[in-house]
Amino acid sequence: MKKFKLLRFKGGVKIMFSQILFILLVVLSLFYPLMSGAKTIKAHAHGESNWSLAFEGQTGRLMIDTPAESLLGFEKEPKKKKEIEKANEALAQFEKSISQMVVIPEMYGCQWSKKALDIIRAEPESKHCEIEGEFEITCQKNLDEAKITFNIQKYFPRFRLVNFEILFGNIQKSLPVTKSGTKVYLK
Ligand SMILES: [Zn+2]
């Protein structure tokens, strides 16, 4: 009788232990995304970037968030003189080409100005860098029904997939831009 009880007890402990393990696993899986939150949110896929164009009246703002590789051709933080030169050259080329990569027809008389184009680390300890850009666009006419053409890959082919968000008054559009010549109408 005593032996039997002991066995039951042992069995009971076993069940409890596996239950605790299960609960631990569930709790861990629930908290894991929170604990590694920065990683999950910041993890980037090379070749994929997020651009957004928001217009209010005649003034617009283009925001760019991309792995550095798409723009610079490499990801590590430029430190050597040659790397810094190469990065600066690519950034200058990007700034120069921006109005030809996101083409607003000439009749709207838009002027582009760079607000930011910075190389930042994806995470504090990461070897991967990203680029955050901001451009302001000031136009002479309202862009109602304007056709915007994307020629991003023509200038920077490493932008394999640009997830493009557009906000124009009440219009909200999102489209994947994977090749030059992609068009969107602001209507
Ligand atoms: Zn990377």
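Residues numbered from 1 in each chain as written. Predicted model: local features only at pLDDT ≥ 70, side-chain atom pairs only at ≥ 80, totals over all residues.

(A) Fine view of the sheet that holds strand β7 (residues 161-168). One open sheet accounts for six strands, arranged β4-β5-β2-β1-β7-β8; its pairing is mixed. Lying at the two open borders of the sheet, with one neighbouring strand each, are β4 (111-121) and β8 (171-177). Here the average twist between neighbouring strands, direction ignored, is 10°. Sheet topology note: the strand β2 (residues 59-67)/strand β5 (residues 129-138) ladder contains nine bridges and is antiparallel. (Pairing = 2+ DSSP bridges. Helix = DSSP H or I, 4+ residues; strand = E, 2+ residues; numbered from the N terminus. Axes fitted to C-alpha atoms, helices over the stretch in contact; angles between N-to-C directions.)

(B) Quick look at the sheet that holds strand β9 (residues 182-185). Ordered by their spatial adjacency, three strands build an open sheet running β3-β6-β9, and the pairing between neighbours is antiparallel. With partners counted over all chains shown, the strands left at the sheet margins are β3 (102-103) and β9, one partner each. Taken together, the four bridges between strand β6 (residues 147-150) and β9 define a ladder with antiparallel strand orientation. The residue bridging Phe 150 from the neighbouring strand is Thr 182, located in β9.

(C) Region of interest: the pairing of β8. With seven bridges connecting them, β7 and β8 associate as antiparallel partners. Bridging across to β8, Asn 163 finds its partner in Pro 176. Adjacent in sequence and paired antiparallel, β7 and β8 are bridged by two residues, among which Gly 169 carries a positive phi angle near 55°.

By themselves, these are just geometric observations and shouldn't be taken as functional.
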